[in-house]
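Chain residues, written in single-letter form:
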Amino acid sequence: GADWFSEVFHFYQEVFGKTVDFSGLVIPSDPGGYNWALPIIRGMTANRAWAAAKKRFPCYSYVGDDLDRAVPTNERTAEHGSYIIRVRDRVEADRELKNLSADKIREMNLVTMTLTERLLLELWYFWRTGKHLDIENVTLCAGSRNSDGSVPYVFWDSGRLYVNWFYPGLVFDFLRARSAV
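Note that the structure is predicted; figures quoted are calculated from it, not measured.

Q: Report on helix α2 (residues 46–56), specifying residues and quantitative values.
A: When α2 is considered as a whole, its buried residues turn out to be A46, A49, W50, A52 and A53. Taken down its axis, α2 places every buried residue within 165° of arc, on the same side.

Structure, rendered in structure tokens:
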């Protein structure tokens, strides 16, 4: 509704200095439990989200600051236009997707967050609450692939946001993708 549009408008204005218009975008319908609608504006990249995050809290990436170069493959991008995804409204990544490797997620044709989307979700959640996501587990960004085929993951630990990589076949209880619609 109007409250959501107002909130997202202020988020992009305050965090990115951008005035955005979402009037032409369709918010995907909620299949149940996907209460967070996250708009990704045209031209948003992992690098842009990472730079905004670094201005707000400590961040560390295993590959440095050029995440766009390190992660060239994404299931969705905002290169040609804005879009909106819905994700579950929870601090920790989806328990329903624990013990599923990125390879298995792809094999099952599940739609999960990309690295850019997960970084934006962190920024939005922090802007809204002053708190962080994935403090006990990590979000496997199975919608993205590193140039060597590995998969980025994001988590908060010891006062900083981390971006690291796992091989796509690895499975751990704490490694969980975030489903997106």
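Q: Which residues make up the side chain of S150, and what values go with them?
A: Relative to the elements of secondary structure, S150 occurs in the loop between β6 (144–145) and β7 (151–157). By relative accessible area, which is 4% here, S150 ends up buried. A distance of 2.6 Å separates the side chain of S150 from the side chain of D148, its partner in a polar contact. With residues near it in sequence (within four places) discarded, S150 still touches S144, R145, W165, F166, Y167 and P168.

Q: Give me the packing of α2 against helix α5 (residues 115–129): which residues, what numbers.
A: Two elements in contact, α2 and α5, have axes whose closest approach is 9 Å; the angle formed by their N-to-C orientations is 30°. Between α2 and α5, the angle is such that the two are roughly parallel. Of the two possible hands of crossing, α2 and α5 adopt the one that is left-handed. Counting all contacts with α2, which are made through A46, A49, W50, A52, A53 and R56, the residues of α5 involved are L115, T116, L119, L120, L123 and F126.

Q: Give a detailed account of the packing of aromatic side chains, specifying residues and quantitative values.
A: Under the defined criterion, the tally for this structure stands at 18 aromatic pairs. Here the aromatic cluster, defined as three or more aromatic residues joined through ring pairs, consists of W4, F5, F11, Y12, F16, F22 and W127.

Q: I'd like to hear about the pairing of strand β4 (residues 83–87), residue by residue, with values.
A: A large share of β4 lies buried, amounting to 5 of its 5 residues. Along β4, one buried face is formed by Y83, I85 and V87 and the opposite face, lined by I84 and R86, is buried too. Relative to β4, strand β1 (residues 36–40) runs antiparallel, the two being bridged by 5 bridges. Residue A37 lies in a different strand from β4, and its bridge partner there is R86.

Q: Residue-level account of the pattern of salt bridges, with values.
A: Pairing between side chains of opposite charge can happen when the charged atoms of each approach one another. What the rule picks out here adds up to 15 salt bridges. Salt-bridge contacts for K54 lead to D65; the nearest nitrogen and oxygen are separated by 2.8 Å. Residue K54 is located in helix α2, and its partner D65 is located in the loop between β2 (59–61) and α3 (67–70); the two are separated by 11 residues in the primary sequence. Note that D134 is salt-bridged to R118, the shortest N-O span being 2.8 Å. Placement of D134 in the loop between α5 and β5 (138–140) and of R118 in helix α5 is noted, with a sequence separation of 16 residues between them. Note on accessibility: D134 and R118 belong to one class, buried. A cluster of three or more residues bridged by salt bridges with shared partners is formed by R88, R90, D94 and E96.

Q: Can you break down the nonpolar core residue by residue, with the values?
A: Y12, F16, M44, L115, L119, L120 and L123 are the most contacted members of the largest nonpolar core, which has 45 residues in total. A total of 7 residues in this core trace back to one element, the largest contributor, which is α5. If we skip the residues at most four places from it in the chain, L119 touches A46, A49, W50, L67, V154, L161 and V163. In terms of nonpolar packing, the next biggest core, distinct from the first, is built from 14 residues, L140, A142, F155 and Y162 among them.

Cut-offs applied
- Starting from 1, residues in each chain are numbered consecutively following that chain's sequence as written.
- At least 70 in pLDDT is required for a residue's local features to be given in this predicted model, at least 80 for side-chain atom pairs to be given and counted, and no such filter applies to totals for whole chains, interfaces and linings, which use all residues.
- Note that the side-chain values use all heavy atoms of the structure and ignore hydrogens as well as water.
- Remark: exposure states derive from per-residue accessible area (1.4 Å probe, protein chains only) relative to the maximum for the residue type, with buried under 20%, exposed over 50%, and partly exposed in between.
- Helix and strand definitions follow DSSP, with helices as H or I runs of at least four residues and strands as E runs of at least two, each counted in order from the N terminus.
- Picture the helix axis, draw a direction to every C-beta atom, and the arc is the one those directions span.
- Contacts described as polar in this section are N or O atom pairs within 3.5 Å, which, within protein, must combine one atom able to donate a hydrogen with one able to accept it, while residues neighboring in sequence count only if both atoms come from side chains.
- Residue contacts follow a heavy-atom distance rule, with two residues in contact if any of their heavy atoms lie within 4.5 Å.
- Only the stretch in contact is used when fitting a helix axis, every axis being a line fitted to C-alpha atoms; angles between N-to-C directions are given from 0 to 180 degrees.
- By definition in this entry, angles of less than 35 degrees are roughly parallel, angles greater than 145 are roughly antiparallel, angles of 65 to 115 are roughly perpendicular, and the rest are oblique.
- Handedness of a crossing is defined here by the sense of rotation of the near helix relative to the far one, left-handed for an anticlockwise turn of less than a right angle and right-handed for a clockwise turn.
- A pair of aromatic rings is counted whenever rings of Phe, Tyr or Trp (Trp by its six-membered ring) have centres within 6.5 Å, and the orientation is called stacked for planes under 30 degrees apart, edge-to-face for over 60 and tilted otherwise.
- Two strands qualify as a pair provided that DSSP identifies no fewer than 2 bridges between them.
- Salt-bridge detection follows one rule: a side-chain nitrogen of Lys or Arg within 4 Å of a carboxyl oxygen of Asp or Glu.
- Here, nonpolar core refers to any group of buried Ala, Val, Leu, Ile, Met, Phe, Trp, Tyr and Cys residues whose side-chain atoms link them within 4.5 Å.

Such coordinate-based values are descriptive only and should not be taken to indicate function.
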